[in-house]
Every structure is written in structure tokens, then in C-alpha cells.
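# Summary of the model geometry
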Amino acid sequence: MFVIHGPMQNQFLFPAFFSLQNKTCLIVGFGRVGMRKLHGLLSANPYSVLVLDLKPLSSLSKRQIDLLADRRVRYEVRSCTREDISGCFLVFAATNNKEENARIAKLCANDGVLCNSASCPQDGSFIIPANITKNNVCLAISTGGASPALAKKWLEEQKLWLDNKASFALFMGKLRCIILTTEKNSDLNANFFRKIVNSSFEEWFISRNTDKCAAWLQQELSSDLYNKVKEILYDLT
């Protein structure tokens, strides 16, 4: 259980990535901000998301209806209560009413539930940094609330960098799976992975120099392992 002692002040925020598997989440307010939060939550595969708003379904846009069609989502036309918050892992106070968002954040603080406040981040207990994801590699930048627009600009500048790095990370994940299930010596495995990340292998991979990558792997791996890994290398470069 997360114990939250009060709203954020001017303090360093601990960076973390949470798994939402088997977790229940709540979004209060389903406007532009709430839609964005729901889209992000669903990509992380939570168990369920309750969305609360005062607007009837008939007044929602097609995009909103499409998001609500997900089987993990339940939409109800009413205000938020303390019972809605109890048992939630994350809560987003995303209404267009500052006082209502503050009320929800206070309820969350009293019950030890993580809360993000759209209108006043200081009322909540966590923020969502600007982020982009490629091949399960996530790059997040936060200015600690100083300038979300600046964080977004910096993130845009790193998109090409992430594209290249994510491709290499995908290869490393597949490589790791093969080696760990084949080679049982954990010390040898650790030494191999330290060696590959400290070599020029990543540079060769990103520049699509498949021959150099293959030669390096052939030198470092047994013939059986090399033959398994070689297929992945040629598929991804």
C-alpha cells in the first residue's frame, strides 16, 4: 500500500514505472485531458478503469465512445465518491473544476491512493512526465513541473535517438531470452552481456553493419548459440 502524507510541494519526485496489471484505476472527468489519460492507461493493460463524468453518453464524441468501448472500461454519469477511490491504484482528477479536483485529491491523500490532479499538480501525489514509447522502450522527461511544454519539446528532439535505441533493445531482449534459456552459467551470462554493451556492437547494429555484428557474436558464442542468434540478427538489421 502507498502511504501519502500530503500534497506535493517543491520537492524532488522519485522516478518510477508502475505495472498496471491486475490494477484498478479511476478517471474523474472525461474531457480532453481525461481522454488522454484513458488512452495512456489502456496501453499499460490495467485490470479495469472506471470513468466518471456528468455528461451523458449521448453527448460524447465518436472518439470518446470508441475509447469507452474497451471491455476494461466502465463509464458512469455521476460525481466521484470516496467509495470510488477506495481500492484504486491510480486516480486522475481531470475535471474542468479546480475545486472538484482538489476535493478528489484530498480524498485520495486521506486513503493513501496515488492521485494526479490536472488543474493543480501540487494537490496530487504524482505527475505523468512527457514520454514516448517504441518497442517497449519508454523515454520520459520531466522538468519537475517547471515547464511541461519544454519537456515535450525536448522529447520531440529525441525521437530519432529512441527509434535507433529501441531497435537495439528489441534485439537485446531476444538475445537475452535465448542465452538465458540455453546457457545455465549465470556468471558467464553476466560477463557476456557486460561485454556486449561495452563493445562497439550497438554502433554496428544501429548502422546496419550486420557482418561486423555477426563476426563479433561468432567469436563470443558457442556455435549452437550463434546459429540461433544469427537468425534474429539478420531479421532485425
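Shown above is the structure to which this text applies.
Attention here is on the structure that accompanies the text. (Residues numbered from 1 in each chain as written. Predicted model: local features only at pLDDT ≥ 70, side-chain atom pairs only at ≥ 80, totals over all residues. Heavy atoms only, no water.)

## Description of the packing of helix α6 (residues 159-182) against helix α7 (residues 186-197)
Short version of the rule: For helices, the fitted axis covers only the stretch in contact; all axes are lines through C-alpha atoms, and the angles between them, taken along N-to-C directions, range from 0 to 180 degrees. Secondary structure elements follow DSSP: runs of H or I of four or more residues count as helices, runs of E of two or more count as strands, with numbering from the N terminus. Each angle is binned into one of four classes, with values under 35 degrees roughly parallel, values over 145 roughly antiparallel, values of 65 to 115 roughly perpendicular, and all other values oblique. Crossing handedness follows the turn of the near helix against the far one: under a right angle anticlockwise gives a left-handed crossing, and clockwise gives a right-handed one. In what follows, residue pairs with any heavy atoms lying within 4.5 Å of each other are defined as contacts.
Two elements in contact, α6 and α7, have axes separated by 11 Å at closest approach and are oriented at 160 degrees. As far as their axial angle goes, α7 and α6 are roughly antiparallel. Handedness of the crossing formed by α6 with α7: right-handed. Of the residues in α7, those in contact with M172, L175, R176, I179 and L180 of α6 are N189, F192, F193, I196 and V197.

## A few points about the nonpolar core
Condition: Here, nonpolar core means buried Ala, Val, Leu, Ile, Met, Phe, Trp, Tyr and Cys residues that are tied together by side-chain atoms lying within 4.5 Å of each other. Only protein chains enter the calculation, and the probe is 1.4 Å; a residue is then buried if its accessible area is under 20% of its type maximum, exposed if over 50%, and partly exposed in between.
Of all hydrophobic cores here, the largest spans 22 residues; its most connected members are F171, L175, F192, I196, F201 and L217. Of all the secondary-structure elements, those providing two or more residues to this core are α6, α7, α8 (201-206), α9 (210-220) and α10 (223-236). In contact with F171, other than residues within four places in its own chain, are F201, F205, L217, V229, I232, L233 and L236. Within the second largest apolar cluster, 20 residues are counted, among which are F30, L41, V51 and L114.

## What about the pattern of salt bridges?
Cut-off, in case you're wondering: Here, a salt bridge means any Lys or Arg side-chain nitrogen found within 4 Å of an Asp or Glu carboxyl oxygen.
Summed over all chains, the structure comprises 13 salt bridges. For the salt bridge of R103 with E100, the shortest nitrogen-to-oxygen distance reads 2.8 Å. On the criterion of helical spacing, the pair formed by R103 and E100 is a turn pair, its members being three residues apart in helix α4 (residues 98-111). On the accessibility criterion, R103 (33% relative accessible area) is partly exposed. Using a relative accessible area of 19% as the deciding quantity, one classes E100 as buried. What emerges from the salt-bridge pattern is a single network uniting R74, E76, R78 and D84.

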